[in-house]
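A structural walkthrough
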Amino acid sequence: PRPASTTSNTSSSSGSLPCVLIVSRGRDDSLLRAVIRDLKPQDLSFKCAPSFLLYLAAKCVMRRPPGLGMSKDRAVCSFLNKAVTTTDMLLEDSGNKADVAVLWLSNSTELHNFLSEDPSLATLTAGCQGILRKTLMMAFDKLVNMFCDELVDELPVFLSEALDAAQSPGRLGSTQKEASMDAERTISGVLATLHHCRALVTRYQLNDRLVEALFAHLFHFSSVWLFNQLVRPVVADQTSSSKGVSLCCRRVGVLLKQRLVILADWAAQRGLGAVAERHLLKIIQAANFLASPKSRPEF
């Protein structure tokens, strides 16, 4: 049987493109199934290959002689709309597979860039680009939600020992080196989650602006979660009728500050220092305020 598509070297018909893709009429669905539905992210060495293939396929559809009852313009838009719909269905069916979400976040972005920068397709596919932006946002939101769900399980360690610290007035801690090592061990789960996210977006070649936007959401989520826990009274004994213990005290502030320093250092070492500083600012200010020495003024 004739293959669904073939590629060839640069020719006069390909313009500045390094190759052309020839898709037989009537085989569009087979191509979309192979490039989107049946694709396994781990099998790709060039992670943005799907967007490039879909772009080349759209150029191929545009070069075809018009079919019965359908102009070239309609044929191109129909193909791209079908590609976007197939991608949406894949994202909805993928569950909590972060590699699928980041793969199609990256490729939806690249395909949008290809279409918007191509003089022959930019205006023609304006409607398709709008739909594609919704797919991009779907993949982005899915990725954010997955990593926020992971952080919810890990963030409580930021306030581990905080209840004991709030109840016990003793000394504030050990040496700076020991405190730093303790803090890093304590939040290792949070750092592992963020490291997994950073490795994933790097592997799938997500562009820098989306990487920053993704981590902005994760740092903001962490800051809000920690602040809400900090100001909420904690009951030491669930069987007790006491109103609870406030975490807003100096010893808790010292613990939190030590752990936030480790998190900020992790971000800075990976080029995300400015993003972390901006979105962790409120919780860092709260920790600094609690950790600072306070005394009653004399009158």
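In this report, we go over the structure that sits alongside the text. The shown structure was predicted, so the numbers you read here are calculated from the model rather than taken from an experiment.

What follows concerns the overall build of the protein. Each helix and strand counted, the protein has 12 helices and 2 strands in total. What you see in the protein, going N to C, is helices and strands ordered as β-β-α-α-α-α-α-α-α-α-α-α-α-α. Expressed as a percentage of the 299 residues in the protein, the buried residues total 43%. Excluding contacts between residues fewer than 6 apart, the proportion of contacts in the protein whose partners are at least 24 apart in sequence is 75%.

We now examine the packing of aromatic side chains. If you walk through the whole model with that rule in mind, you get 4 aromatic pairs. Between Phe52 and Phe114 the ring centres are 5.9 Å apart and the planes differ by 55°, which places this aromatic pair in the tilted class. Taken together, the residues span a long stretch of sequence, with Phe52 in helix H2 (residues 49-63) and Phe114 in helix H4 (residues 98-117) at a distance of 62 residues. Relative to Phe114, the ring of Tyr55 has its centre 4.9 Å away and its plane inclined at 15°; by these criteria the two rings are stacked. Here Tyr55, found in helix H2, pairs with Phe114, found in helix H4; they are 59 residues apart in sequence, far enough to count as distant. Through a chain of ring-to-ring contacts, three or more aromatic side chains come together here, namely Phe52, Tyr55 and Phe114.

Attention now goes to the packing of helix H3 (residues 72-93) against helix H5 (residues 126-154). H5 packs onto H3 with a crossing angle of 15° between their chain directions and a minimal axis gap of 10 Å. Regarding the angle of H3 to H5, the classification is roughly parallel. In the crossing of H3 with H5, the sense of the turn from one axis to the other is left-handed. For the pair H3 and H5, contact is made by Cys77, Leu80, Asn81, Val84, Thr87, Asp88, Leu91 and Glu92 and by Cys128, Ile131, Leu132, Thr135, Met138, Ala139 and Lys142, respectively. Tallied by class, residues from the contact of H3 with H5 come to 9 nonpolar, 3 polar and 3 charged.

Here the focus is the packing of helix H1 (residues 28-37) against H2. Orientation of H1 relative to H2, taken along the N-to-C sense of each, is 170°, at an axis distance of 10 Å. When the interaxial angle is binned, H1 and H2 end up roughly antiparallel. On the side of H1, the interface is formed by Asp28, Leu31, Leu32, Val35 and Ile36, while H2 contributes Pro50, Leu53, Leu54, Ala57 and Val61.

Now for the pattern of salt bridges. For the structure on display, the rule yields 4 salt bridges. When the shortest N-O distance is used, the salt bridge between Asp28 and Arg64 registers 2.8 Å. Residue Asp28 is found in helix H1, and its partner Arg64 is found in the loop between H2 and H3; the two are separated by 36 residues along the sequence. Note on accessibility: Asp28 and Arg64 belong to one class, buried. The partner of Asp118 in a salt bridge is Lys59, and the shortest N-O contact between them spans 3.0 Å. Taken together, the residues span a long stretch of sequence, with Asp118 in the loop between H4 and H5 and Lys59 in helix H2 at a distance of 59 residues.

Reading the values: rules and limits
Residues numbered from 1 in each chain as written. Predicted model: local features only at pLDDT ≥ 70, side-chain atom pairs only at ≥ 80, totals over all residues. Heavy atoms only, no water. Helix = DSSP H or I, 4+ residues; strand = E, 2+ residues; numbered from the N terminus. Buried < 20%, exposed > 50% of the residue type's maximum accessible area, 1.4 Å probe, protein only. Contact = heavy atoms within 4.5 Å. Phe/Tyr/Trp six-rings, centres within 6.5 Å; stacked < 30°, edge-to-face > 60°. Axes fitted to C-alpha atoms, helices over the stretch in contact; angles between N-to-C directions. Parallel < 35°, antiparallel > 145°, perpendicular 65-115°, else oblique. Left-handed = near helix turned anticlockwise from the far one by under 90°. Nonpolar A, V, L, I, M, F, W, Y, C, P; charged D, E, K, R; others polar. Salt bridge = Lys/Arg side-chain N within 4 Å of Asp/Glu carboxyl O.

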